[in-house]
Amino acid sequence: MVHQYLEDVVTLEMDAKKCVGCGRCIDVCPHRVLTVMDGKANIVNKNRCIECGACALNCPVGALSVDAGVGCASAIVKSWFTGGEPSCDCGGGDCC
Amino acid sequence: MSDSCRSGQSSCCCSGNSCSVDSSCCCAQTEPWVTGSVDTPAGSVPIISTTLTRTDMFGAWKVRWGIGRMNYTIDSGLYAVGEPKADSPVLVSANYKLTFDTLRKELSGLDCWLLILDTKGVNVWCAAGKGTFGTDELVRQIEKTGLGAIVSHKRLILPQLGASGIDGTQVSRRTGFAVAFGPVRAGDIKQYLSSGNNASEEMRTVNFTAWDRLKLTPIEIVTAARQAVPAFAALFLLNLFAARPFELNTFIIYLGSALMGTFATPLLLPYIPVKMFAFKGGILGLLWGFAASAFFGFYSRAALLALFGYILISMSISAWYAMNFTGSSTYTSPSGVMKEMKIALPFISGAAAVGGVLLVLFHIFGL
């Protein structure tokens with residue numbers, strides 16, 4: 001059973017002019033959002049992106065950008081009260 | 001077993017309470033899963049067992065229920081698996097004992113090095129998101145353990161899910177070690193190594209199976225139970241003034257709706273035909289509210305306030321806990337969760353407020 005979350009919300013962007021087609025983003029993506037076609041990375045599954053930021057962090061030429069963070073409601077609620085960025089700090093089991 | 005401290009380990013960094021018991025700095029050497037040590041140019045490195053004992057499994061069960069979760073760590077640093085040589089591969093992982101156990105039980109028969117980062121007892125993915133499984137910490141551990149003097153190659157294998165915290169390009173620039181991101185799951189490591197460090201599409205994809213989801217429900221239930229204590233304390237006080245005191249049925253309805261959000265929704269997640277977690281939970285809470293109200297005989301003109309009150313409260317409790325499960329899921333983006341919250345929170349708080357007022361009218365004022 002394939003899980004699907006909300007559509008058209010993800011902030012992942014790609015600048016094809018900068019891309020050198022090294023394929024590192026494809027290695028690190030946990031949801032197979034990207035693929036290499038004609039020597040360039042392509043966003044083919046944007047709605048599956050969870051904005052973890054792995055591709056952008058590991059892109060050697062800065063071709064990918066994403067507003068990365070944790071998709072966790074309690075982290076977001078906590079950040080409203082404490083200020084600052086939502087972070088995986090629940091202390092419970094595997095929080096994310 | 002070597003008596004000397006592990007090289008590069010300057011201070012005591014024992015996990016949990018073992019510091020007070022063992023004053024030496026060689027705690028890792030005394031851990032039950034350490035079976036010996038191997039001498040290297042950078043000092044003695046503990047060899048670890050790849051078999052889990054009953055204690056390890058009981059420990060895993062306990063942390064799933066939130067018992068001793070914050071102390072479930074091991075020392076960071078370098079470990080040996082089997083009989084590693086200078087050309088053996090180096091795997092990198094986190095110092096959460098549950099992560100460490102999951103990894104080492106998959107390494108039987110292999111000869112490799114294991115570099116454990118100090119993630120403060122948090123799993124790889126979570127720690128990568130927080131930045132503790134990060135570039136700086138990896139560089140620090142490479143230098144601290146003297147890894148460059150122990151292995152003859154310049155390659156590290158990291159779990160793929162560490163990639164949101166570790167910039168492989170930076171690591172190689174700062175240490176000379178090249179970073180390869182291996183498979184998502186520890187169970188695929190042997191196949192990854194034997195296929196010349198190739199990970200298939202399947203090995204690179206994160207799943208969220210029913211079993212994955214089930215394992216995460218105990219901690220959700222424990223959290224909900226803790227949060228219920230003040231609520232029940234408040235009801236107990238309200239009962240002093242109540243025309244129709246709260247009884248066991250209130251407790252059961254509350255319990256059921258919390259279980260709908262913390263247990264049933266996670267388990268049935270992909271089968272509930274809406275996308276937002278809160279609405280998935282809301283639907284199950286609504287069903288539970290109807291069923292429980294029928295069972296407790298609220299379908300009468302006299303109990304109309306209770307009927308609607310309990311249904312609304314059930315919906316909002318279940319929706320709230322279901323929404324919190326976004327944090328445990330593997331497929332929600334922060335932008336998506338933010339959108340969900342903006343839409344769902346007004347419904348959740350509205351239903352809770354209206355339901356609460358109805359129940360106060362019914363129970364306290366006897367309407």
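Keep in mind it's a predicted model, so treat the numbers as computed, not measured.

## Let's talk about the pattern of salt bridges
Opposite charge on two side chains allows them to pair when their charged atoms are near.
Residues and elements named next belong to chain B.
For step 1, the next point in the chain: Across all of its chains, the model carries 14 salt bridges over all chains by this definition.
For step 2, the next point in the chain: In this structure, Asp118 and Lys120 form a salt bridge, with 3.3 Å as the shortest nitrogen-oxygen distance.
For step 3, the next point in the chain: Here Lys120 falls in the exposed class, since its relative accessible area comes to 57%.
For step 4, the next point in the chain: Across the pair Arg174 and Asp136 runs a salt bridge whose closest N-O atoms are separated by 2.9 Å. Residue Arg174 is located in helix α8 (residues 168–175), and its partner Asp136 is located in helix α6 (residues 135–145); the two are separated by 38 residues in the primary sequence.
For step 5, the next point in the chain: In this structure, a network of salt bridges that share partners links the residues Asp56, Lys97, Asp101 and Arg104.

## Brief notes about a nonpolar patch on the surface
For step 1, the next point in the chain: A grouping of Leu248, Phe251, Ile252, Leu255, Leu259 and Phe263 of chain B is seen on the molecular surface, where their side chains present a nonpolar patch of about 500 Å² in accessible area.
For step 2, the next point in the chain: Summarising the element assignment, Ile252 of chain B is placed in helix α11 (residues 248–268).

## Observations regarding the interface of chain B and chain A
For step 1, the next point in the chain: Counting residues at the interface gives 54 residues for chain B and 43 residues for chain A.
For step 2, the next point in the chain: In total, chain B and chain A occlude about 4,300 Å² of area from one another, counting both sides; carbon and sulfur atoms represent 60% of this.
For step 3, the next point in the chain: Taken as a group, Lys275, Tyr331 and Pro334 of chain B account for 15% of the area that chain B buries against chain A, more than any other trio of residues on that side.
For step 4, the next point in the chain: On the surface where chain B and chain A come into contact, there are 3 salt bridges.
For step 5, the next point in the chain: For Arg204 of chain B, the salt bridge goes to Asp27 of chain A, with nearest N and O atoms at 3.7 Å.
For step 6, the next point in the chain: Of all the secondary structure elements, the ones that give two or more residues to the side of chain B that touches chain A are α5 (124–130), α8, β7 (178–181), α10 (210–238), α13 (304–324) and α14 (334–364) of chain B.
For step 7, the next point in the chain: With 9 residues, α14 of chain B is the single largest residue contributor to the side of chain B that touches chain A.
For step 8, the next point in the chain: Class assignment of the residues belonging to the side of chain B that touches chain A gives a composition of 28 nonpolar, 16 polar and 10 charged.

## Brief notes about the side chain of Thr326 of chain B
For step 1, the next point in the chain: Relative to the helices and strands, Thr326 of chain B is located in the loop between α13 and α14.
For step 2, the next point in the chain: Within the structure, Thr326 of chain B has its side chain in polar contact with the backbone oxygen of Met323 of chain B (distance 2.7 Å).
For step 3, the next point in the chain: With residues near it in sequence (within four places) discarded, Thr326 of chain B still touches Tyr5, Gly71, Cys72 and Ala73 of chain A together with Phe277, Thr332, Val337 and Glu340 of chain B.

## Let's talk about unusual backbone geometry
Residue and element names in this part refer to chain A.
For step 1, the next point in the chain: Non-glycine residue Asp38 carries a positive phi angle of around 50 degrees.
For step 2, the next point in the chain: Looking at the secondary structure, you find Asp38 in the loop between β2 (34–37) and β3 (40–43).
For step 3, the next point in the chain: The exposure class of Asp38 is exposed, given its relative accessible area of 82%.

## Let's talk about α11 of chain B
Residues and elements named next belong to chain B.
For step 1, the next point in the chain: Along its length, α11 reaches its greatest deviation from straightness, about 45 degrees, at Met260.
For step 2, the next point in the chain: Among all positions in α11, only Asn249, Thr250, Ile253, Tyr254, Gly256, Ser257, Ala258, Gly261, Thr262, Ala264, Thr265 and Pro266 are buried.
For step 3, the next point in the chain: Of the surrounding secondary structure, the elements contacted by the buried residues of α11 are α10, α12 (277–295), α13 and α14.

## A short note on the pairing of strand β1 (residues 34–40) of chain B
Residue and element names in this part refer to chain B.
For step 1, the next point in the chain: Pairing between β1 and strand β2 (residues 43–48): 6 bridges, direction antiparallel. When the bridges of β2 are listed, Thr40 appears paired with Gly43.
For step 2, the next point in the chain: Where β1 folds back onto β2 in an antiparallel hairpin, the turn is made up of 2 residues.

## Section: the environment of Phe251 of chain B
Residues and elements named next belong to chain B.
For step 1, the next point in the chain: Structurally, the position occupied by Phe251 is in helix α11.
For step 2, the next point in the chain: With relative accessibility at 35%, the residue Phe251 sits in the partly exposed group.
For step 3, the next point in the chain: Along the backbone, Phe251 and Leu235 are 16 residues apart, and their C-alpha atoms lie at a distance of 9.7 Å.

## Observations concerning the confidence of the model for chain B
For step 1, the next point in the chain: Per-chain confidence: chain B averages 91 in pLDDT, with 92% of residues scoring 70 or above.
For step 2, the next point in the chain: Counted against residues more than four places away or in other chains, residues 1–27 of chain B, with its pLDDT under 50, gives 48 contacts.

## Remarks on α8 of chain B
For step 1, the next point in the chain: When we look at burial in α8 of chain B, the residues that qualify are Gly168, Val171 and Thr175 of chain B. Relative to the axis of α8 of chain B, the buried residues are bounded by an arc of 60 degrees and lie together on one face.
For step 2, the next point in the chain: In this fold, the buried residues of α8 of chain B make contact with α1 (24–28) and α2 (54–58) of chain A together with α6, β6 (155–158) and β7 of chain B.
For step 3, the next point in the chain: Where α8 of chain B begins, one side-chain oxygen reaches toward the backbone nitrogen of Thr169 of chain B, 3.1 Å away; that side chain belongs to Asp167 of chain B.
For step 4, the next point in the chain: Positive backbone phi, at 85 degrees, marks Gly176 of chain B, one or two positions downstream of α8 of chain B.

## Examining the pairing of strand β4 (residues 90–94) of chain B
Residue and element names in this part refer to chain B.
For step 1, the next point in the chain: β4 sits mainly inside the fold: 5 of its 5 residues count as buried.
For step 2, the next point in the chain: The side-chain alternation of β4 yields two buried faces, one formed by Val90, Val92 and Ala94 and the other by Leu91 and Ser93.
For step 3, the next point in the chain: Relative to strand β5 (residues 112–117), β4 runs parallel, the two sharing 5 bridges. By the bridge assignment, Leu91 is partnered in β5 with Leu114.
For step 4, the next point in the chain: Considered for its hand, the β-α-β crossover made up of β4, helix α4 (residues 97–104) and β5 is right-handed.

The rules behind each value
Residues numbered from 1 in each chain as written. Chains lettered and ligands numbered in written order. Predicted model: local features only at pLDDT ≥ 70, side-chain atom pairs only at ≥ 80, totals over all residues. Heavy atoms only, no water. Salt bridge = Lys/Arg side-chain N within 4 Å of Asp/Glu carboxyl O. Buried < 20%, exposed > 50% of the residue type's maximum accessible area, 1.4 Å probe, protein only. Helix = DSSP H or I, 4+ residues; strand = E, 2+ residues; numbered from the N terminus. Patch = residues over 30% accessible without salt bridge, like charges linked within 9 Å, V, L, I, M, F, W, Y side chains within 5 Å. Areas by Shrake-Rupley, 256 points an atom, 1.4 Å probe, with all protein chains shown as cover. Contact = heavy atoms within 4.5 Å. Buried area = accessible area lost by both parts, 1.4 Å probe. Nonpolar A, V, L, I, M, F, W, Y, C, P; charged D, E, K, R; others polar. Polar contact = N/O pair within 3.5 Å; in protein donor to acceptor, adjacent residues only side chain to side chain. Bend = angle between axes of the 7 residues up to and from the residue. Pairing = 2+ DSSP bridges. pLDDT = per-residue confidence, 0-100. Arc of directions from axis to C-beta. Right-handed = clockwise from strand over helix to strand, strands pointing away.

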